[in-house]
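# Understanding the architecture of this molecule
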Amino acid sequence: MLNVRNAFRCLAIAGGLALGLLSGVPLRGQQYNAQLFSGMKWRLVGPGTGGRIEAVAGVPQQPNTYYIGTVDGGVWKTTNGGLTWTPLFNHEPVASIGAIAVAPSDPNVIYVGTGEEAPRGDISFGDGVYKSTDGGKTWTDVGLKGSRQTGKIVVDPRNADAVYVAAEGDIYGPSAERGVFRSTDGGKTWQKVLYENDETGVIDLAMDPANSQVLYAAMWQVNRKPWHFSDGGPGSGLYKSTDGGSTWTHLTGHGLPAGVLGRIGVAVAGGSHGERVYALIEAKDGGLYRSDDAGGIWKLVNDEQILRTRAWYFTNVFADSHDPNVVYVADNGFYRSVDGGHSFKPLPIPGFDGYPFGGDNHAFWMNPLHPDHMINGHDQGVAISVDGGKTWGNRQNLPIGQFYHVTTDNEFPYYIYGSQQDEGALAVVSNNRGGVERETYWMGGDDSECGWVLVDPANPNLLVAGGYGGGLTIYDKRTGQLHDIAPWSNNNGGHSAAELKYRFNWTFPIAFSPRSPHALYVGSQYLLESDNGGMSWKAISPDLTRNDKSKQQTSGGPISQDDSSIEYYDTIWAITPSPAQAGQIWIGTDDGLIQLTRDGGKTWHNVTPSAMPDWGRVSMIAASETEAGTAWAAVDNHENNDYQPWIFRTRDFGKTWARVNQGISAPAYVHAIKQDPKDPNLLFAGTETAVYVSFDAGDHWQPLQLNLPTTSMRDFAIHGNDLIVGTHGRAIWSLDDITPLRQLAEASAVDVYLFRPATAIRSRSGDPTGATLSYYLKS
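Just so you know, these numbers come straight off a predicted model, no measurement behind them.

### A closer look at the pattern of salt bridges
Under the counting rule described, the total for this entry stands at 29 salt bridges. Between Asp476 and Arg478 there is a salt bridge, with the nearest N and O atoms lying 3.2 Å from each other. Using a relative accessible area of 56% as the deciding quantity, one classes Arg478 as exposed. Arg617 serves as the salt-bridge partner of Glu639, at 3.2 Å between the closest nitrogen and oxygen. Of the two residues, Glu639 sits in the loop between strand E48 (631-636) and strand E49 (646-650) while Arg617 sits in strand E47 (residues 617-623), which places them 22 residues apart along the sequence. Classification of Arg617 by relative accessible area gives buried; the value is 16%. A single salt-bridge network, built from bridges that share partners, covers Arg52, Glu54, Glu116, Arg120, Asp122 and Asp422.

Here's what the structure looks like:
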């Protein structure tokens, strides 16, 4: 039986007016009243496959109530042990969460420290501390806005107004708002009670459960550049206070490792009267150290490397709330010791694909009143146990995936493809409603978590996915065959960029030519082309980057190296073949260059705007669908401590450029830009916090956020009349039927307007969309 659902969408209502389709097209305006399209709504597509979690907390008196802080999806709450989750942080200015603490004396009081604590290459920023006094229903900004990243928050168990914040500070440059901050009035005022220098923050903070005046703080000197990551330095160290943070003692010697220190995790064991303290230390002679006299004398009890892999990313230790001999370490796996840290065994936490240890664990909380109830946060969501860690549940019902890019095919219903950080390459059906039951996975190789996924325009059954370090695979949906088509080694990690034949970044670009025979391009420092589906490759350019060898050296140090391709520099970041002119290809590099060829790579021209920020990353170039010489470039320079939005436009093949970002302000740096294929003046921009729209080819911008939650907007796809955004923290969303945006010039000139509807499709599917009729009534 055929059925169709009709829906009316009123974009602004003034009541009592008849509808009529009015003719006459006025000249395009610069901006429009947002009421013209306020009735439009974004729809969550999904998937619900989780993502990175670095902050978890629970309510001791309510053993099924937990809070989690996602790295770019805000705060979520469950009151039924994880069966369902509710987002609580949808429209605050930032979405990255580094720490959560529930006041033990008043479970309605929750403190949230914004800014992810692990300084990955895709890290987002915070703007201080937020507080709720009603269990997360509403939030108040309580300051420390310059702290950027938050390591930990602890609250006095007997006083909900006594709170301590471990502020990491800005990882991209020096900042004074670092160290330990204390408030005794619930966040109304703050005191900086521990500070080393403007390059050293605090990554961990522990309070003695038997004496709230005793605290331990782990200071960490850390800095990230686009081409280098520095972990550790003379500012790092372990500190102790016995007077509620008023004064601190630097703990050195007495068994602690000598020399330069890196990241440190610290925990005070319950049931030990404050005597048992654990410290997991990154150092030349690092490992798990233990003190049995409240930090006086220390002993190295375990130096297994498995407890401190990628030390800057993990180094998290958690003490049992009752037994001082039980201690947990969150690393690649999740481990527990029952003999005071001498030996550890893994706890089998399931990931989304059945991987037994969850994969990359960061956070843990044990209920002190119900110690069998515990929650773990890892790179694929959360796992909850009610039997002391014997079994864990992971329901995969958190749509907080971090996508880098999105694209679509032409099936009905069509599928949306993308690479999700920590999950891999996948597809989700476009009419999904945010759940997991209707999604279709395909894995583009183990490393396809960070790049582009493309549908072969000549064969829609073939999918190409890029992975880190140059990995590239092609997948045939009909046969299930996965084939390696990488131009070089699939993973060049472990080497400096200067040593490599091809410098492939973590998120290196791939692109198909929009014109037959649809050559496939990939970018290292060269533009590589294949005309046979990746069976062979040839370079069709010289080195298109600055090729600054000083920015291609090994990353990491002074203790641990971490050459994982994230810091590989002087690479191509954007490839855009022109839909309007054969042979024209725009190239953007991560070191601030725009290059153009108009003859398929035979000759190249540096067309970089004179106002380009030095070393800025050209994150995306949109070439006009109809005008061969017109293009827009989005530039992200935040890793050079510049949070300004940068968008450039050229109409003469790059000879001249205009900066066109009016209406977008810092700290909304720009990741993505997309032109509507039906209206050349209609553009969309994705920033670190929101979506913007321009109706005049970029001259002016205004928000298109509507009901979309705050998060990082990384890429757009337009399929027919649907605008899809791939977010880096809240999965994939669709603005279904953007035809009203294409007709606003007409609607804005009259009092009553019925938007010309898009074509409706009668469907036998279980979820027909039917016809949508949108109208405007002027107030």
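We are not done yet, so read on.
### Describing the sheet that holds strand E29 (residues 374-378)
One open sheet accounts for 3 strands, arranged E28-E29-E30; its pairing is antiparallel. Every other strand in the sheet has two partners, leaving strand E28 (361-366) and strand E30 (381-385) as the edge strands with one partner each. Across the sheet, the mean angle from the axis of one strand to that of its neighbour is 15°, orientation sign disregarded.

### With respect to the side chain of Thr597
Looking at the element boundaries, Thr597 is found in strand E45 (residues 594-597). There is a polar contact of 2.8 Å between the side chain of Thr597 and the side chain of Asp599. A distance of 2.8 Å separates a polar atom in the side chain of Thr597 from the backbone oxygen of Thr603.

### A closer look at the confidence of the model for the protein chain
Averaged over all residues, the pLDDT of the protein chain equals 92, while 93% of them reach at least 70. Low pLDDT, under 50, characterises residues 1-6; the predicted model gives this stretch 15 contacts beyond four residues in sequence or across chains. When the criterion is pLDDT under 50, residues 12-28 qualifies, and its contacts beyond four places in sequence or with other chains add up to 34 contacts.

### Observations regarding the sheet that holds strand E39 (residues 510-512)
Strand order in the open sheet formed by 4 strands is E39-E40-E41-E42, and the pairing between neighbours is antiparallel. Sheet topology places E39 and strand E42 (538-539) at the edges, where each strand pairs with a single neighbour. Pairing between strand E40 (residues 520-523) and strand E41 (residues 527-530): 4 bridges, direction antiparallel. Along E41, the bridge assignment pairs Val522 with Leu528.

### Let's talk about the nonpolar core
Trp42, Phe684, Leu704, Leu723 and Leu741 are the most contacted members of the largest nonpolar core, which has 32 residues in total. Contributing elements (two or more residues each) for this core: strand E2 (42-46), strand E53 (691-694), strand E55 (713-719), strand E56 (722-727), strand E57 (732-735) and helix H2 (744-747). Excluding residues within four positions of it along the chain, Trp42 makes contact with Val691, Leu704, Gln705, Leu706, Asn707, Leu708, Leu723, Val725, Trp733, Ser734 and Leu735. Ranked by size, the runner-up nonpolar core spans 26 residues in total, among them Leu261, Val268, Ala279 and Tyr289.

### Considerations on the packing of aromatic side chains
Summed over all chains, the structure comprises 28 aromatic pairs. Ring geometry for Tyr328 against Phe334: centres 5.7 Å apart, planes inclined by 10°, an arrangement best described as stacked. With a relative accessible area of 0%, Phe334 lands in the buried category. What links up through ring pairs into an aromatic cluster is the set Phe318, Tyr328, Phe334, Phe364 and Trp392. Against the face of Phe125 rests Arg148, its NZ or CZ located 5.3 Å from the ring centre. The ring of Tyr195 carries Lys192 above its face, with NZ or CZ at 4.1 Å from the centroid.

### Observations regarding unusual backbone geometry
Only a minority of non-glycine residues have a phi that is not negative, and only a minority of peptide bonds are not trans. The omega torsion of the bond from Ser516 to Pro517 falls at 15°, within 30 degrees of zero and hence cis. Mapped onto the elements, Pro517 comes out in the loop between E39 and E40. Residue Pro558 is reached from Gly557 by a cis peptide bond, and omega for that bond is 5°. Take Pro558: it is sitting in the loop between E42 and strand E43 (572-577). One non-glycine residue, Trp615, lies in positive phi territory at about 65°.

### Overview of the environment of Ala425
Structurally, the position occupied by Ala425 is in strand E33 (residues 424-429). Given a relative accessible area of 0%, Ala425 falls into the buried group.

### Notes on empty space enclosed by the protein
Enumeration according to the criterion identifies 5 cavities of 30 Å³ or more in this entry. Looking at the largest cavity, its volume works out to about 350 Å³. Surrounding the largest cavity, 25 residues form its lining, Tyr404, Thr507, Trp573, Arg617 and Arg714 being those nearest its centre. Mapped onto the lining of the largest cavity, the elements with two or more residues apiece are strand E16 (211-225), strand E31 (403-408) and E47. The biggest single contributor to the lining of the largest cavity is E47, with 3 residues. Class assignment for the residues of the lining of the largest cavity results in 8 nonpolar, 7 polar and 10 charged. When grouped by side-chain class, the residues that make up the lining of the second largest cavity number 3 nonpolar, 2 polar and 4 charged.

### Points about the environment of Asp715
In this fold, Asp715 is placed in strand E55. Setting aside residues no more than four positions away along its own chain, Asp715 makes contact with Tyr404, His405, Val406, Trp452, Met620, Ala672, Ile724, Val725 and Gly726. Polar side-chain contacts of Asp715 include one of 3.2 Å to the side chain of His405.

### Regarding the pairing of E55
Across the 7 residues of E55, 7 count as buried, placing the element largely inside the fold. Sheet analysis places E55 next to E56, joined by 6 bridges and oriented antiparallel. Counted as the bridge partner of Phe716 is Val725 from E56. Counting the residues that bridge the hairpin from E55 to E56 gives 2 residues, and of these Gly720 lies at a positive phi of roughly 65°.

### Considering the environment of Gly418
Summarising the element assignment, Gly418 is placed in strand E32 (residues 415-420). Gly418 sits in the buried class, given a relative accessible area of 0%. The sequence separation of Gly418 and Val453 amounts to 35 residues, and the corresponding C-alpha distance is 5.5 Å. Excluding anything up to four places from it in sequence, Gly418 contacts Phe403, His405, Gly424, Ala425, Leu426 and Val453.

Cut-off values and rules
- Residues numbered from 1 in each chain as written.
- Predicted model: local features only at pLDDT ≥ 70, side-chain atom pairs only at ≥ 80, totals over all residues.
- Heavy atoms only, no water.
- Salt bridge = Lys/Arg side-chain N within 4 Å of Asp/Glu carboxyl O.
- Buried < 20%, exposed > 50% of the residue type's maximum accessible area, 1.4 Å probe, protein only.
- Helix = DSSP H or I, 4+ residues; strand = E, 2+ residues; numbered from the N terminus.
- Pairing = 2+ DSSP bridges.
- Axes fitted to C-alpha atoms, helices over the stretch in contact; angles between N-to-C directions.
- Polar contact = N/O pair within 3.5 Å; in protein donor to acceptor, adjacent residues only side chain to side chain.
- pLDDT = per-residue confidence, 0-100.
- Contact = heavy atoms within 4.5 Å.
- Core = buried A, V, L, I, M, F, W, Y, C linked by side-chain atoms within 4.5 Å.
- Phe/Tyr/Trp six-rings, centres within 6.5 Å; stacked < 30°, edge-to-face > 60°.
- Lys NZ or Arg CZ within 6 Å of the ring centre and 35° of its normal.
- 1 Å grid on protein atoms, 1.4 Å probe; cavity = no way out; pocket = protein on both sides within 12 Å on 5 of 7 lines; lining within 4 Å.
- Points joined across faces, edges and corners; volume = space filled by probe spheres on them.
- Nonpolar A, V, L, I, M, F, W, Y, C, P; charged D, E, K, R; others polar.

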